[in-house]
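Residue-level structure breakdown
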Amino acid sequence: MTADRIFTAVKVALALAFGMNIAGLLGWVERKQSAVMQDRIGANRASIFGLRLIGLFHPIADALKMMTKEDFVPKNANRLLHAAAPMIALGFGLLCLAALPFGGTVTVAGRLWSLQPIESSVGLLFVLAMLSLGVHGVVMAGYASGSNYGLLGGLRGAAQMISYEVCLASTLAAAAFLYGTLDLQQMVRWQGHSLGGWLPAWGIFLQPLGFVLFLTAGAAETKRAPFDVPEGESEIVGYHVEYSGMKFGMFLISDFIESIVIAGLIATIYLGGWQVPWVTTLDGISGGILMLISFTVKVLLVLFLLMQIRWTLPRFRFDQVLDLGWKNILPLALFNFLATVWAVYLWGGR
Amino acid sequence: MATRIATVQRPKRDLEVQIYLWEVWKGLGVTFRHLFVNMGRHVLRSLGLGRVPGAVTIQYPEDPAMLGRRARTRHRLLKRADGSPRCTACLLCETICPAKCIRITAEDSPDVMVEKRAKTFDIDIGMCVFCGYCVEACPVDAIHMDSNEVEICSYTRKDMIWNIQELLGDKKKTPSAHPAPTHAASAPPKP
Ligand code: SF4
Ligand code: SF4
């Protein structure tokens, strides 16, 4: 019993470390990927003993800079909420990570080990709930700053994120109906069989519309371009105008963490999670490692795509964002749900 | 005169554009192409196989800045064949200078054919606006702005003044060391 608890705690800590490290890496990817696709070189000057490593030290330099900067709180800000907002935004994002199925179960030393940090039969609901709680960080930041620009940014953020959560949930409803479970682990297992003997039964092949809708709504949920109306750092300043130092850094990281959560959800629900295509039995230590690698590779690929989208598309206007969410994605998601229900009724889900 | 009318077609906004997803894919196609082509060039170059650079960036302090052939750079004074300065201290450049940054004092020249020459010739490059009027005004082609030197800087305003030997290239400009910052130095000067 105690051993189980310790193992769970270790898994959760590793999941958080996974998130934080990939978030740091994303800081580098963001710079380099945007630079290479724009025919530039990108940040490459940070060096340790003359060693530059194509700019890999920049995230470290960033962190040092954030930590040593002045932590400024405006005069008429609510100090408590001002300090709590970034922690809420980041903390709930990190909690989502702990519920993702990084791997299935493996038998090692005559014992069954589950590689999912938090095993829950309602994992999907848990992740969605934690994602929605993250909105509070944004609204709170805008409200507590005592600045009208911040408040407006927070309101934009709340409107956008709540709209797209509806889209997210209704898109996922179809997937959950198809798989017949809310347990993320069961969903991945369901995707283990193959269609017609050669095509892995991944969500992307069974729910192509759902995949596109979820990708769009997920990109909106992460508040990054083309949906960065809440921040709009280049001209319409956003909810974190009044933040500096590490608190601002926490908002930045929470954006990355949210991207990782969305990428993890896409990998889990639409890309077969830890399943390796055409490999049916994964067990033992090597199987476990293969699962982890498979999941990580899928997450990184989705993040790569999200990053490319972020640097390709210009920002939507605010009314366009809401139009897209309520008038296009939501009806399509409901249609997708009804179509899935009919298909499962007619051909029978497994 | 006949008026020329150009008809500009409004961009189409048909269903294909309105759906937007296809347009997104086209945009992603462009950026992915750039990404992979540049990535390939970077890799080939670092392996010593290709010569096409993957980026247009100039790594400035390490690689020299590329100046245009006609770029106006730091002034220099020219000499005659016998090595004496060409300047005849006519003060035309000092007069035309919009920034009033040239100071010349004249003296008799030992050469009777020249009559006058500059005793001192100071340009305060810190005030110069690099308009090039002085070059155009000079009747004897004594001053040029073609030293190809743009990295002109110093820790004090006084060091930005170049005198005649330095402009002629007879003496190398030796900037003074970084003065220790004192409170008095940063205070505004007394009127
Ligand atoms: S370039 Fe223009 S501003 Fe500079 S010294 Fe010549 S005339 Fe004066
Ligand atoms: S215009 Fe030419 S000759 Fe006359 S003072 Fe200036 S540099 Fe000398």
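Predicted model only: the values in this text are computed from it and were never measured.

Thoughts on the overall build of chain B
Tallying secondary structure elements over chain B gives six helices and five strands in all. On C-alpha atoms alone, chain B measures out to a radius of gyration of 28 Å, which is more than a quarter above the 16 Å that the 2.2 N^0.38 rule sets for 191 residues. Principal-axis analysis of the C-alpha atoms places the extent of chain B at approximately 85 × 60 × 50 Å. Residues counted as buried form 25% of the 191 residues belonging to chain B. Partitioning the intrachain contacts of chain B with sequence separation of at least 6 by distance along the chain shows that 55% fall at a separation of at least 24. Split by element, the accessible area of chain B, about 14600 Å² in all, is 58% carbon and sulfur. Computed over 28 positive and 21 negative side-chain charges, the separation of the two mean positions in chain B equals 6 Å.

Here we look at the overall build of chain A
A count of helical and extended segments in chain A gives eleven helices and four strands. A compact globule built from 350 residues would reach a C-alpha radius of gyration of about 20 Å, and chain A, at 21 Å, matches this within 12%. Counting only C-alpha atoms and orienting by the principal axes, one finds that chain A spans roughly 60 × 50 × 50 Å. Within the span of chain A, comprising 350 residues, buried residues form 52% of the whole. A separation threshold of at least 6 residues defines the contact pool for chain A, and within that pool the share at least 24 residues apart is 79%. For chain A, the exposed area adds up to about 15700 Å²; of that, 71% sits on carbon and sulfur atoms. A gap of 4 Å separates the mean positions of the 23 positive and 20 negative side-chain charges of chain A.

Here we look at the sheet that holds strand S5 (residues 161-162) of chain B
Residue and element names in this part refer to chain B. Read across the open sheet, the three strands follow the order S2-S3-S5; overall the sheet is antiparallel. Each edge of the open sheet carries a strand with a single partner, namely strand S2 (102-108) and S5. As paired elements, S2 and strand S3 (residues 116-124) share seven bridges and run antiparallel to each other. By the bridge assignment for S3, Glu-107 is matched with Arg-117.

Focus: the interface of chain B and chain A
Taken together, the 20 residues of chain B in the interface contact 17 residues of chain A. Carbon and sulfur atoms make up 67% of the surface buried where chain B meets chain A, a total of about 1600 Å² over both sides. Counting every contact that joins chain B to chain A gives one salt bridge. Between chain B and chain A we count ten residue pairs in polar contact (both at pLDDT 80 or more) in total. Each residue belonging to the side of chain B that touches chain A can be placed in one class, and the counts come to eleven nonpolar, eight polar and one charged.

Quick notes on the pairing of strand S1 (residues 105-108) of chain A
All names here are of chain A. Alignment of S1 against strand S2 (residues 111-114), held across four bridges, turns out to be antiparallel. Counterpart to Thr-105 in the pairing with S2 is Ser-114. In this structure, the hairpin formed by S1 and S2 is closed by a connection of two residues, where Ala-109 is found at a positive phi of approximately 55°.

Quick notes on helix H2 (residues 21-46) of chain B
For an α-helix, the turn length of 3.6 residues means that residues three or four places apart are oriented alike. Spanning 26 residues, H2 of chain B covers 37 Å between terminal C-alpha atoms, matching the ideal 38 Å at 1.5 Å per step. Every buried residue of H2 of chain B is accounted for by Val-24, Leu-28, Thr-31, Phe-32, Leu-35 and Asn-38 of chain B. Packed against the buried residues of H2 of chain B are helix H1 (2-37) and helix H10 (284-312) of chain A.

With respect to the confidence of the model for chain B
Confidence in the prediction for chain B averages 87 pLDDT; 93% of positions are at 70 or higher. Among the scores for the predicted complex, ipTM is 0.85 and pTM is 0.83.

Remarks on the site of ligand 1
Looking at ligand 1, there are 14 residues lining it, with Cys-97, Cys-128, Cys-131, Gly-132 and Cys-134 of chain B nearest. Partitioned by chemical class, the residues of the shell around ligand 1 number twelve nonpolar, two polar and no charged.

Details of the layout of surface pockets
Empty space left among the atoms is revealed by rolling a probe the size of a water molecule over them. Considered as a void within the structure, the largest pocket measures approximately 1300 Å³ in volume. For the lining of the largest pocket, the secondary-structure elements that each account for two or more residues are helix H8 (208-221), H10 and helix H11 (318-347) of chain A together with helix H1 (15-19) and H2 of chain B. In terms of residue class, the lining of the largest pocket is made up of 30 nonpolar, four polar and six charged. Each pocket or cavity is described by its volume, and for the second largest pocket that value is around 790 Å³. Forming the boundary of the second largest pocket are 28 residues, of which Gly-27, Asp-62, Met-66, Leu-252 and Phe-256 of chain A lie nearest the centre. Elements represented by at least two residues in the lining of the second largest pocket include exactly H1, helix H2 (58-68), helix H9 (245-270) and H10 of chain A. Residues belonging to the lining of the second largest pocket are distributed by class as follows: 13 nonpolar, four polar and eleven charged.

Scoring rules and cut-offs
- Residues numbered from 1 in each chain as written.
- Chains lettered and ligands numbered in written order.
- Predicted model: local features only at pLDDT ≥ 70, side-chain atom pairs only at ≥ 80, totals over all residues.
- Heavy atoms only, no water.
- Helix = DSSP H or I, 4+ residues; strand = E, 2+ residues; numbered from the N terminus.
- Rg over C-alpha atoms; globule rule 2.2 N^0.38 Å.
- Buried < 20%, exposed > 50% of the residue type's maximum accessible area, 1.4 Å probe, protein only.
- Contact = heavy atoms within 4.5 Å.
- Areas by Shrake-Rupley, 256 points an atom, 1.4 Å probe, with all protein chains shown as cover.
- Lys, Arg positive; Asp, Glu negative; His and termini not counted.
- Charge placed at Lys NZ, Arg CZ, Asp CG, Glu CD.
- Pairing = 2+ DSSP bridges.
- Buried area = accessible area lost by both parts, 1.4 Å probe.
- Salt bridge = Lys/Arg side-chain N within 4 Å of Asp/Glu carboxyl O.
- Polar contact = N/O pair within 3.5 Å; in protein donor to acceptor, adjacent residues only side chain to side chain.
- Nonpolar A, V, L, I, M, F, W, Y, C, P; charged D, E, K, R; others polar.
- Expected span 1.5 Å × (residues − 1).
- pLDDT = per-residue confidence, 0-100.
- Near = heavy atom within 4 Å.
- 1 Å grid on protein atoms, 1.4 Å probe; cavity = no way out; pocket = protein on both sides within 12 Å on 5 of 7 lines; lining within 4 Å.
- Points joined across faces, edges and corners; volume = space filled by probe spheres on them.

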